[in-house]
Amino acid sequence: MDTLYFDHCASTPIHGRVAETVLEVMKIHFANAAALHRAGAEAMKLVDRARAGIAAGFRVKPDEVVFTSGGTESNNLALKGTIGSLARSAKHVIVSSVEHASVYRCAKQLEEQGVEVTWLPVDRYGSVRVEDVTAALRADTALVSVMHVNNETGTVQPIREIGEALARYPQVRFHVDGVQAIGKVPVRFREWGIDMYSASAHKFQGPKGVGFLLVREGLALAPLLAGGSQEAGVRGGTHNVPGIVGMAQAFRLATESMPERRERMFRLRRRLLELASTIPELVLNGYGAEEEEKTSPHVVNLSYPGMRPEVLVHMLEKHGVLVSTQSACSSKSLQPSRVLSSMGLGEDRASGSIRISFGDEHDERDIDTLGERLRMTVDKLKPLERSRG
Amino acid sequence: MKEDWILVRFGELTIKGRNRGRFEDMLVRQVKQALAAYPALKYTKTFGRLYIQLNGEPYEPAAERLKDVFGIVSFSRVIRCGHDLQDIRETALQAIRQVEPAPKTFKMTVRRAWKAYPHDSQEMNHLVGAHVLRNTPDLKVDVRNPDTELKVDIQPEGTYVYASVEQAAGGFPLGMNGKAMLLLSGGIDSPVAGWMAMRKGLEIEAVHFHSYPFTSEQAKEKVVTLAQRLAYYGGSIKLHLVPFTELQTKLAQTGQEHLIITLMRRSMLKIAEKLAAKRGALAIVTGDSLGQVASQTLGSMNVIGRDTSLPLLRPLVMMDKLEIIRIAEKLRTYETSILPYEDCCTLFVPKSPATNPNLGIVLKIESQLGAELERLVDEAVNGTETVVLTENSRSDAPAAAEDKWF
């Protein structure tokens, strides 16, 4: 039995061409890109070319791309770097309650250090409301951080609307965690008034351990790590040259074909929703097929109320299907999902959810297989259902 | 039927007598090359003007590109419509609404080149102008000092309407005035001098003196990047990389520390002159600016330029540093120029360079070096490596692998 991997939100399989590129660059361009000699200069040229490629994709200047080790670092740099760069007076931040742990925990840490945090509520689909953002603004607000695509439900936040609303408050920085959005959802960095945007390569078929933060020209950020002057001093540390080159290639591959890929993934998503709807035990969390513009095409979140999700995950794995419970980063905790709880879904649903996320390697047949195995699993588990009180 | 056009006005070359046709063709070719990224454009040349039909291509980026084509004085976004009065009125309204920021005052000018048109220019001024006024609440007429001149040009084939004029680079089409060698260092001034020379219709080949291995690969890369910026204005550019180390070392050994810069500059001109002869260039362009450094005092310039028979063109000679920097920023060469890599001169800069070198002594030192100096000059010329750069080209061999990786 083939194993079907449906955990793209956690990590995507690396693109074959990107893997080759990383290996080749790793072998040939081993020199430190900051070194003065020719080999160093050549490595730096590759870094610069990667930077230019990513900048072109967002229509920003190359200097506005800061390479990091991935999404977590990008998010930490955006939040802590902002607070660290500002005078004591501006110490209020606004963060949505459904952010990824790397923003959520970061904001919690800032809270412990005396920064005031307003946690934005979401509706039952996990959407932030623009009026809640503007209502939370204060004279000392330094930062608003709202993710682009939620990593558990796929819900797309109204980034453009928030950006437009914040246009009247130039002192407030707008950070968007775009880790789940690259290659799946269009982004207009400048037009939407975004100041910082986080991304991670392994979420779009690139290598692990590399990512970037777009930082609007003129924004000061305090570095997280004391060190060298790489990345204009914002992010010292030796450049991960193979990773950066691989990321630029994966980025191009993911973004240049986005319209067709989106269409294809939405087709698969619709089919999965249709199959899931025939299994009465399962309920959908987030937007259905009728409101596709508000969701990312690559993820479906389902609850089996009254069933512990890890049981479902292990049983599906026995049937050759890999999915996760909530987000991979917090899957080992047995707490109900913070995101689903924020959506007001009740403990039964919030603690019994699985996340199915897919990508380019899947086709309709895979989805049908998934559907069958879901049904089989649910049938087997039915006798174990806890009382639904 | 309404069509989007760009009306391009040629500059000084319209006064160039019987060569004019040739120069205009040259410019049209250069415009087409600059706008090659927009294949749907259609070009129509008339007396002293060029009409470009957009055919669905975007105006903004094409306009941005046009601003940097030498020989174009100005251009306008033009809407072409038919002869129907109502049609012309609506088009005029559309044209004035495209102007940003919205003008507060305007002046109406109708030109009736097609004399068979039923209304004369005066009537038309009124007929069209009144319509625009009625439909644009905050707009007033001001014939003396209007924010915008709304122009309607009635030609037999159709009517051209436009309300804005964009200034372009001016000057002459590239190459119209022949070819010159540009001494390109890694500094701020020489790329600006190159751009000014190109704007005056000179085709430029760049000459760079390097002291490899005393200077780094990055220093060379920096010059390549600068030359590529110039290639944006010229389509492509040749860069001659002259090995200068041996000559420089020899000059240093003469023990005339305070004259070393003078001696080096003279050798550079000798080499550039020989390269010019090979390349069919009739002048040498430098980024000298009077009084800026020791080698740019009047006394230094006199001694340095003495035995060169080619015209030495120094477009920046009377400019202030700040003016030069402003242009360098506009050309986007500034950020590259200020990168801190050593160039061929930094190694040998004396503590107190002569600001008023003695020509007699300089000539004496050179004659003592005699045949040796000549041999080193020839060696430098023969060892010169030439690369052809386009705006996007890169200079190094791993390029093929790189392309595959991105």
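Only a predicted model underlies this, so the values are computations on that prediction, with no experimental measurement involved.

A. Region of interest: the sheet that holds strand 13 (residues 353–357) of chain A. All names here are of chain A. Overall, antiparallel pairing links the four strands, which are arranged 9-10-13-12 in an open sheet. The sheet is open, and its two borders are formed by strand 9 (283–285) and strand 12 (324–325), each paired with just one other strand. As judged from the three bridges shared by strand 9 and strand 10 (residues 299–303), these two strands associate in the antiparallel manner. Looking at strand 10, one finds that leucine 284 is bridged to leucine 302. Seen against the sheet, helix 9 (residues 309–318) touches strand 12 and strand 13 and runs at an angle of roughly 40 degrees to strand 13.

B. Structural detail: the interface of chain A and chain B. Contacts between the two partners involve 19 residues from chain A and, on the opposite side, eleven residues from chain B. For the pair chain A and chain B, the summed buried area comes to about 1500 Å², and 54% of that belongs to carbon and sulfur atoms. Together, A:Arg38, A:Lys45 and A:Arg49 form the three largest contributors to the area buried by chain A at its contact with chain B, with a combined 42%. With a shortest N-O distance of 4.0 Å, A:Lys45 and B:Glu221 are connected by a salt bridge. There are five residue pairs in polar contact (both at pLDDT 80 or more) connecting chain A and chain B. Those elements that provide at least two residues to the side of chain A that touches chain B are helix 1 (16–28), helix 2 (38–58) and helix 7 (241–256) of chain A. Here the side of chain A that touches chain B takes seven residues from helix 2 of chain A, the largest share from any one element. In terms of residue class, the side of chain A that touches chain B is made up of nine nonpolar, four polar and six charged.

C. The packing of helix 1 of chain A against helix 7 of chain A, seen in detail. Residue and element names in this part refer to chain A. Direction vectors running N to C along helix 1 and helix 7 enclose 155 degrees, while the axes themselves pass 8 Å from each other. In terms of axis orientation, helix 1 runs roughly antiparallel to helix 7. The two elements helix 1 and helix 7 cross, and the hand of that crossing is right-handed. Contacts from Arg17, Val18, Thr21, Val22, Val25 and Met26 in helix 1 reach Val241, Pro242, Val245, Gly246, Gln249, Ala250, Arg252 and Leu253 in helix 7.

D. A look at the pairing of strand 7 (residues 148–155) of chain B. All names here are of chain B. Counting buried positions along strand 7 yields six of eight residues, so the element is predominantly enclosed. Examined bridge by bridge, strand 7 and strand 8 (residues 158–162) share five bridges and lie antiparallel to one another. Within the sheet, the bridge partner assigned to aspartate 153 lies in strand 8 and is tyrosine 160.

Cut-offs and rules
Residues numbered from 1 in each chain as written. Chains lettered and ligands numbered in written order. Predicted model: local features only at pLDDT ≥ 70, side-chain atom pairs only at ≥ 80, totals over all residues. Heavy atoms only, no water. Pairing = 2+ DSSP bridges. Helix = DSSP H or I, 4+ residues; strand = E, 2+ residues; numbered from the N terminus. Contact = heavy atoms within 4.5 Å. Axes fitted to C-alpha atoms, helices over the stretch in contact; angles between N-to-C directions. Buried area = accessible area lost by both parts, 1.4 Å probe. Salt bridge = Lys/Arg side-chain N within 4 Å of Asp/Glu carboxyl O. Polar contact = N/O pair within 3.5 Å; in protein donor to acceptor, adjacent residues only side chain to side chain. Nonpolar A, V, L, I, M, F, W, Y, C, P; charged D, E, K, R; others polar. Parallel < 35°, antiparallel > 145°, perpendicular 65-115°, else oblique. Left-handed = near helix turned anticlockwise from the far one by under 90°. Buried < 20%, exposed > 50% of the residue type's maximum accessible area, 1.4 Å probe, protein only.

The analysis is restricted to geometry; functional conclusions fall outside its scope.
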